[in-house]
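What the coordinates show
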Amino acid sequence: MAIDLADYEKGMSVDGEYDAALAEVQKRLSRLQVAHVVCNLRTIILFEGWDAAGKGGAIQRLTMGWDPRHFHVWPISAPTDEERERHFLWRFWQKLPGKGRIAIFDRTWYGRVLVERVEAYASDSEWRRAYDEINEFEAQQQTDGVNIVKIFLHVTQEEQDKRLGDRLDHPWKRWKVTPEDFRNRARRADYLDAFREMFRETDTRWAPWKVIDGNNKKAARIAALTYVAEALERFVPVKPPALDPDFERYARVQLGLPTRL
């Protein structure tokens, strides 16, 4: 079924008490990260969405209980001069996770078919062929054993305007508002067209999109974290790997513990 962003504008509510729900899903995620590390798995988590949709807040709470040695958050901005000289996916190949690690992208390679398309930073032929290039790139990762989780946070124009206004009024959040936010806001219709085509072309069996109604920040955070937990649970083995018996015997002798028969 085609993804229609108009279906994600009602504003969800949190079931129960927010702090308790957040603590519960973070505890669940903490256990899953341990299993992810122990089993030497690799996961990519992508966050896309409107400016002020809550990507940063969701990522902050997603990683709050995680061991920082085993994940990395990549905030993606405009490519450097060196990166512009290469294929647009080159810079993302450098950021793929190794064994036991999770790579989180705050904006992604989808910039090619979003901001680079809308703002004409990429030619028509470049962004059009990018759909196949992106699908093949993600298929390669999935075939290589990488778990891919794609989340899109959606907010209405009214909610976005409210959040931008709140940031302007907050002395410690004003820095987050830039002229680019308003340039993008002025082209909302163009971005909606780009989103619609992006979903149609890249919502694949091996890397599906999850759209989350972001109009209620707290409910959206719980929904995003829960979706990541569910995705990891499908990926992480139910049983932990067996401990090497020779090492276990050695360790027990060193610690003065009885050996197992």
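This write-up is about the structure you can find in this document. (Residues numbered from 1 in each chain as written. Predicted model: local features only at pLDDT ≥ 70, side-chain atom pairs only at ≥ 80, totals over all residues. Heavy atoms only, no water.)

A word on the overall build of the protein chain. Each helix and strand in the protein chain was counted, giving eleven helices and five strands. Projected onto its principal axes, the C-alpha positions of the protein chain cover 70 × 45 × 40 Å. Here the protein chain holds 261 residues, and 45% of them are scored as buried. Split by element, the accessible area of the protein chain, about 14,600 Å² in all, is 52% carbon and sulfur. Across the protein chain, 42 positive and 42 negative side-chain charges occur, with their mean positions spaced 5 Å apart. (Helix = DSSP H or I, 4+ residues; strand = E, 2+ residues; numbered from the N terminus. Buried < 20%, exposed > 50% of the residue type's maximum accessible area, 1.4 Å probe, protein only. Areas by Shrake-Rupley, 256 points an atom, 1.4 Å probe, with all protein chains shown as cover. Lys, Arg positive; Asp, Glu negative; His and termini not counted. Charge placed at Lys NZ, Arg CZ, Asp CG, Glu CD.)

The next subject is the side chain of Lys-95. As for its position among the elements, Lys-95 is in the loop between helix H4 (90-93) and strand S3 (101-106). Buried and without a salt bridge, Lys-95 has Glu-83 as its closest oppositely charged side chain, separated by 4.3 Å. A polar side-chain atom of Lys-95 sits 3.1 Å from the main-chain carbonyl oxygen of Arg-91. Not counting chain neighbours up to four residues away, the residues in contact with Lys-95 comprise Trp-74, Ile-76, Glu-83, Ala-103 and Phe-105. (Salt bridge = Lys/Arg side-chain N within 4 Å of Asp/Glu carboxyl O. Polar contact = N/O pair within 3.5 Å; in protein donor to acceptor, adjacent residues only side chain to side chain. Contact = heavy atoms within 4.5 Å.)

With that settled, the discussion passes to a negative patch on the surface. Taken together, the side chains of Asp-4, Asp-7, Glu-9 and Glu-158 define an acidic patch exposed on the protein surface. Residue placement: Asp-7 occurs in the segment before helix H1 (18-38). Given the relative accessible area of 52%, Asp-7 is considered exposed. (Patch = residues over 30% accessible without salt bridge, like charges linked within 9 Å, V, L, I, M, F, W, Y side chains within 5 Å.)

So, on to the nonpolar core. In terms of nonpolar packing, the biggest core is built from 65 residues, with Phe-47 and Trp-109 touching the most fellow members. Broken down by element, the residue count for this core peaks at nine residues, all from helix H10 (residues 217-235). Filtering out sequence-adjacent residues up to four positions away, Phe-47 remains in contact with Lys-55, Ala-58, Ile-59, Leu-62, Ile-104, Phe-105, Asp-106, Arg-107, Thr-108, Ile-151, Leu-153 and Ala-224. (Core = buried A, V, L, I, M, F, W, Y, C linked by side-chain atoms within 4.5 Å.)

Here the focus is the sheet that holds strand S4 (residues 146-154). For sheets, the rule is that strands pair by backbone hydrogen bonds, running either parallel or antiparallel. One open sheet holds the five strands; their spatial order is S2-S3-S1-S4-S5, and the pairing between them is parallel. Looking at strand neighbours, the two that pair on one side only are strand S2 (71-75) and strand S5 (209-213), the edges of this open sheet. Across the sheet, the axes of successive neighbouring strands diverge by a mean angle of 20 degrees, strand direction being ignored. Sheet analysis places strand S1 (residues 42-49) next to S4, joined by eight bridges and oriented parallel. What sits directly across from Glu-48, in S4, is Phe-152. Packed on one face of the sheet, helix H9 (residues 188-202) meets S4 and S5 and runs near 150 degrees to S4. Packing against the sheet, H10 makes contact with S1, S4 and S5, and its axis sits at approximately 165 degrees to S4. (Pairing = 2+ DSSP bridges. Axes fitted to C-alpha atoms, helices over the stretch in contact; angles between N-to-C directions.)

A few words now on the packing of aromatic side chains. Each pair of aromatic rings is reported with the distance of its centres and the angle of its planes. For the structure shown, the criterion picks out 13 aromatic pairs. Ring centres 4.9 Å apart and planes at 85 degrees place the aromatic pair Trp-50 and Phe-195 in the edge-to-face group. With Trp-50 in the loop between S1 and helix H2 (55-62) and Phe-195 in helix H9, this pair connects stretches of sequence that are 145 residues apart. Judged by relative accessible area, Phe-195 falls into the buried class, the value being 3%. When the centroid spacing of 5.8 Å and the interplanar angle of 85 degrees are considered together, the rings of Phe-199 and Trp-209 count as edge-to-face. Here Phe-199 is found in helix H9, whereas its partner Trp-209 is found in strand S5, with ten residues between them in sequence. (Phe/Tyr/Trp six-rings, centres within 6.5 Å; stacked < 30°, edge-to-face > 60°.)

With that settled, the discussion passes to the packing of helix H7 (residues 157-169) against helix H8 (residues 179-186). Taken N-terminus to C-terminus, the directions of H7 and H8 make an angle of 165 degrees; their axes are 12 Å apart at the nearest point. As summarised for this structure, H7 and H8 are arranged roughly antiparallel, according to the angle between their axes. Once H7 is placed against H8, the crossing between them reads as left-handed. Judged by residue contacts, Gln-157, Gln-160, Asp-161 and Leu-164 of H7 engage Asp-181, Phe-182 and Arg-185 from H8. Across the contact of H7 with H8, the residue classes break down as two nonpolar, two polar and three charged. (Parallel < 35°, antiparallel > 145°, perpendicular 65-115°, else oblique. Left-handed = near helix turned anticlockwise from the far one by under 90°. Nonpolar A, V, L, I, M, F, W, Y, C, P; charged D, E, K, R; others polar.)

Attention shifts here to the packing of H1 against H10. Following both chains from N to C, one finds H1 and H10 inclined at 25 degrees, their axes separated by 10 Å at the closest point. The pairing of H1 with H10 is recorded here as roughly parallel in orientation. The chirality of how H1 crosses H10 is left-handed. Contact residues: H1 offers Tyr-18, Ala-21, Leu-22, Val-25, Gln-26, Arg-28, Leu-29, Leu-32 and His-36, while H10 offers Lys-218, Arg-221, Ile-222, Leu-225, Thr-226, Val-228, Ala-229, Glu-230, Leu-232, Glu-233 and Phe-235.

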